[in-house]
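# Breakdown of the fold
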Amino acid sequence: MKLLYFCSSSKGGLADYAHEQCKALGSEVTLLCPADFPHEAVGYQQDRSLVSTLSVPGRWRNRFRIFQVIFTNFARLDRAIHQRGSTHVLFWSFTEYLSPLWAGRFRKWKQRGVKFSAIVHDPVRDHVVGPEWWHDLSVKQGYSFLEHGFVHQEIALPIASSVIPHGPFSFPESKEDCRAKLDIPSEARLLLSFGHLRDNKNLDLILKALVDHPETYLLVAGSEAPSGQAQAATYQEQARALGVDSRCRWEIAHISESAAADYFHASDLVMLTYDQSFCSASGVLNVAAQFQKPVIASSGEGPLPELLKRYAIGHWCDPDSAEAISAALAKPLPSLDWNSYLADNSWEKSVQLIRQAIL
């Protein structure tokens, strides 16, 4: 099998996911990725001929660049299949944006015997870009050349599918206790909200819940929210209005792996309080798994509620409720059992299921 793994993400959880999965797949896989992909190859091959997906300043300039990047990277995937004689292509994520304009070339490859599959991180495609008819057509075209989809929970897809686990992310060991650096008392309980700021993480509700727990501090560590969503300054103003700003720490930037390790090491609880619209797997959960930190989680239907029911790794609360978050914070933590979680959710098990499905 000549497996080509296509990943156009230049940063973030999807890039981390692709790297970890390729490590587990080993020498049989070549990762086609951008020149600024954040990880060096470990036990697998890389082809860094894709262009960066990082945004540029200016709303309309950035939109034009997104269109350009999409077409350029799919053209380079088309060329790589031809040059490498690839028999299998695995997409790092399902994507439908502008697919009526690029999917046809991959249907031609499918007719020639190339097998395409994708990791479908977000099977509920409810983010509509453009008219409804265009969105529906794009989703249909995005699936039109795929033979298999890999999901993280049982859900119907338009194609054959398999459920695979989401393995833990690898981070270095923590080198320092950052509490003193951040002026957080050693005896205080510290909550961690990690990753890109996004509205669906309900950070505003965490701040409201913090009012009920005067002994608790909050560390927000991650890059700024995308355009059109609440920015860090909005949350900081809310914290001041609620009177909890003295117990909040803000590290709004790209977080290095070493800094992330320090933040998880210093924290007592990891907050995964997604809103009702979130139906995907959580990459942050699989960072917490390495550090074996308890979580407080919420979301819509998806992998998260099932994982919290199955494993003793924290507390579940109803989504979109500051009162529910506060009540979860008031509960004593269960005896944690991350070992069972890690045994069942490994990258080795993930790629074993992938091989069985596409070979």
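Residues numbered from 1 in each chain as written. Predicted model: local features only at pLDDT ≥ 70, side-chain atom pairs only at ≥ 80, totals over all residues. Heavy atoms only, no water.

## Things to note about helix α1 (residues 12-25)
Its 14 residues give α1 an end-to-end C-alpha distance of 20 Å, which sits within 8% of 20 Å, the value for a rise of 1.5 Å per residue. Among the residues of α1, Ala15, Asp16, Tyr17, Ala18, His19, Glu20, Gln21, Cys22 and Leu25 are the ones counted as buried. If you follow the buried residues of α1, they end up packed against β1 (3-6), β2 (29-34), β4 (88-91), β5 (115-119) and α12 (347-358). (Helix = DSSP H or I, 4+ residues; strand = E, 2+ residues; numbered from the N terminus. Expected span 1.5 Å × (residues − 1). Buried < 20%, exposed > 50% of the residue type's maximum accessible area, 1.4 Å probe, protein only. Contact = heavy atoms within 4.5 Å.)

## Section: the nonpolar core
By size, the foremost hydrophobic cluster in this structure holds 88 residues, and its most contacted members are Tyr5, Leu77, Phe91 and Phe116. Element by element, the count of residues in this core is highest for helix α7 (residues 257-266), at six residues. With near-sequence residues (within four places) excluded, phenylalanine 116 lies in contact with Ile81, Val89, Phe91, Phe106, Trp109, Lys110, Phe145, Leu146, Glu147 and His148. The next biggest cluster of nonpolar side chains, apart from the first, holds 26 residues, and it includes Val220, Ala225, Tyr235 and Cys248. (Core = buried A, V, L, I, M, F, W, Y, C linked by side-chain atoms within 4.5 Å.)

## Looking at the pattern of salt bridges
One pass over the full model with this rule turns up nine salt bridges. When the shortest N-O distance is used, the salt bridge between glutamate 28 and arginine 355 registers 3.1 Å. Of the two residues, glutamate 28 is situated in the loop between α1 and β2 and arginine 355 in helix α12; the sequence distance between them amounts to 327 residues. According to the relative accessible area criterion, arginine 355 is partly exposed, its value standing at 24%. (Salt bridge = Lys/Arg side-chain N within 4 Å of Asp/Glu carboxyl O.)

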